[in-house]
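The chain contents come next:
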Amino acid sequence: MKLLDATVSTKNRVEVRGGRIRVTKGEAWVEIGTDPVIVGRNAACQVVLEDAKVSAVHAEFVATEHGVRVRDLGSRNGTFVANVRVGDIYLFANTKLRIGETEMQFEPARPERITVSAIPQFGPLVAHSPAMRAIFDRLAKIAPTDLTVLIGGETGTGKELVAQALHMASPRSKKPFVVVDCGSIPPTLAEATLFGHERGAFTGAVDRRLSPFQEADGGTLFLDELGELPLEVQPKLLRALAERRIKSVGGSTYKEVDVRVLAATRRDLVRAVNSGGFRSDLYFRVAQVKIELLALRQRIEDIPVLVRRMLKDLGEESAYERISNSTLERLTRHDWPGNVRELRNAVAVAHALAVEGEEIDIAAHLGALTESPGPAAAPLGGSFAPLKGRQFQDAKREVLTRFERDYFAALSDEAKGNVSEMARRAGMERAHVRAYLRRHGISAKHDPGD
């Protein structure tokens, strides 16, 4: 049997440690379970504190296998335990906390075994880890509803796939699924892009444009990178979500729309709320349900099942038998800055370059940033005649160099040299993208975020 095999465990119960909290001066206890409890001044928080020193969204409590996790959400005045300001800790004993100027008390509960979904997939998503299967279980429950969902997670964790899976598992599956990338909208065109515009509404509006809300009517609208939406447009989006109607730029009447809205962000929107970069009322309206996807390095036990699924998507699931235990072990030691998207790219390249019938060494394609560049070569897809007589590793490095250069040259053209956009599309950190660009002599625009 292959090490770290992709078979699903029959264990479907895990032990979590919860508890309860209350304001010290006689308030009612609030139970802490696996659904996060947010403490803050905003009326939409589960625990509302009338304390001017408390931020709108101050701290989060949630039961985990390790105890109750307390996470300060970028508050202005901090969360304190025993006069020590804390950012992210676990509680498993009686503890007194101070949030703003409010004293709170925590009491642990007895460990509880909860059922975790044994279903290893949700739509195109697959997993072996209990944490991801718990997410699948939650997705299955919310899919048939019209609740708005905010999907968080690092670049490349599969946020758009989650949105597509929710749409396909909903009663709206036969209607449109429309994507709006808020991160690529020029600030001056944000309102017109979201709500449409009439001909002549502004300079350059030579034609009438429908709103994505109208294009998705009856279906699902996915707002990717919601955290990049300009602050001045956020009240109008909130109104559209609350009233289920929109008015185009230059228009005179409101039009009713029937859409379910899903959103995603790689930013910590709660911290953006506390810093004034995102409206708290819009946050709570969008995050009726919040799904936080784990980084791949936090669920390395999922790597084998993901690799198998990716090979199946490439039309050759049987190729999984050509992946050795040592390759899988090396994959689990990688830090995966690009997450599942980075793994998918590595699998695709390794599969394409593998010799038929021989081992598929995915791990060999993870360290390209530290390898010496090979000699200049013809574009990928040309004749392999120049490789005759070369040793295998040298030939493979040369082919990989061609692939890298062609890939990043095309990516630069598509993104018009914008490194942030290139990083988003490639599922990589900007520093890694810049390293590839320098390596292959591809120019890029200056990015003020660097």
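Here the structure is a predicted model, which means the values were calculated and not measured.

Visitor: I'd love a proper account of the confidence of the model for the protein chain, names of residues and values included.
Guide: Looking at the protein chain, pLDDT values average 85 and 87% of them are 70 or higher. Ranking the elements of the protein chain by mean pLDDT puts helix α11 (residues 392-414) last with 75 and strand β18 (residues 220-224) first with 97. Note on residues 3-11: pLDDT under 50 across the span, and 23 contacts to partners over four residues away in sequence or across chains. Considering only residues more than four positions removed or in separate chains, one finds that residues 368-385, a stretch of pLDDT under 50, has 30 contacts.

Visitor: Would you mind going over the sheet that holds strand β7 (residues 67-72) in detail, with residue names and values included?
Guide: Strand order across the open sheet formed by five strands is β5-β4-β6-β7-β10, with mixed pairing between neighbours. Both edges of this open sheet fall to β5 (47-48) and β10 (88-91), since each of them pairs with a single strand only. Pairing of β7 with β10 involves four bridges; the strand directions are antiparallel. Pairing of R69 across the sheet is with Y90, part of β10.

Visitor: I'd like to hear about the packing of aromatic side chains, residue by residue, with values.
Guide: One pass over the structure, following the stated rule, counts six aromatic pairs. Both rings, one in Y407 and one in F408, keep their centres 5.1 Å apart while their planes meet at 80°; by these two values the pair is edge-to-face. Given a relative accessible area of 28%, Y407 falls into the partly exposed group. One aromatic cluster is present, formed by F403, Y407, F408 and Y436 through successive ring pairs. Stacked on the ring of Y254, the Lys or Arg R245 has its end atom at 4.1 Å from the ring centre.

Visitor: Tell me about the pairing of strand β11 (residues 95-99), and name the residues and values.
Guide: Here β11 shows one buried face, formed by T95, L97 and I99, and one open face, formed by K96 and R98. Sheet analysis places strand β8 (residues 79-81) next to β11, joined by three bridges and oriented antiparallel. By the bridge assignment for β11, V81 is matched with L97. Alignment of β11 against strand β12 (residues 102-108), held across five bridges, turns out to be antiparallel.

Visitor: Which residues make up helix α12 (residues 419-426), and what values go with them?
Guide: Burial runs high along α12: six of the eight residues are buried. The N-capping residue of α12, defined by a side-chain oxygen 3.0 Å from the backbone nitrogen of S420, is N418. Backbone geometry just downstream of α12 places G427 in the positive-phi region, at approximately 70°.

Visitor: Outline the pattern of salt bridges, listing residues and values.
Guide: Under the defined criterion, the tally for this structure stands at 24 salt bridges. A salt bridge links R172 to D146, with the nearest nitrogen and oxygen atoms 3.0 Å apart. Linking R172 in the loop between α2 (159-168) and β17 (177-181) with D146 in the loop between α1 (130-142) and β16 (149-152), this pair joins segments that are 26 residues apart in sequence. Given a relative accessible area of 45%, D146 falls into the partly exposed group. Through salt bridges with shared partners, one network takes in E60, R71, D268 and R271.

Visitor: Residues and numbers for helix α9 (residues 325-333), please.
Guide: Buried within α9 are the following residues: T327, L328, L331 and T332. The buried residues of α9 occupy an angular sector of 140° when projected down its axis, which confines them to one face. Of the surrounding elements, those touching the buried residues of α9 are α8 (303-313).

Visitor: Go over the packing of α8 against helix α10 (residues 339-353), please, and point to the residues and values.
Guide: Closest axis-to-axis distance for the α8/α10 pair is 10 Å, and the angle between their directions is 55°. By the angle between their axes, α8 is oblique relative to α10. Our pair here, α8 against α10, has a crossing hand that is right-handed. The segment α8 lies against α10, with I303, L306, V307, M310 and L311 engaging V340, L343, R344, V347 and H351.

Cut-offs used in this document
- Residues numbered from 1 in each chain as written.
- Predicted model: local features only at pLDDT ≥ 70, side-chain atom pairs only at ≥ 80, totals over all residues.
- Heavy atoms only, no water.
- pLDDT = per-residue confidence, 0-100.
- Helix = DSSP H or I, 4+ residues; strand = E, 2+ residues; numbered from the N terminus.
- Contact = heavy atoms within 4.5 Å.
- Pairing = 2+ DSSP bridges.
- Phe/Tyr/Trp six-rings, centres within 6.5 Å; stacked < 30°, edge-to-face > 60°.
- Buried < 20%, exposed > 50% of the residue type's maximum accessible area, 1.4 Å probe, protein only.
- Lys NZ or Arg CZ within 6 Å of the ring centre and 35° of its normal.
- Polar contact = N/O pair within 3.5 Å; in protein donor to acceptor, adjacent residues only side chain to side chain.
- Salt bridge = Lys/Arg side-chain N within 4 Å of Asp/Glu carboxyl O.
- Arc of directions from axis to C-beta.
- Axes fitted to C-alpha atoms, helices over the stretch in contact; angles between N-to-C directions.
- Parallel < 35°, antiparallel > 145°, perpendicular 65-115°, else oblique.
- Left-handed = near helix turned anticlockwise from the far one by under 90°.

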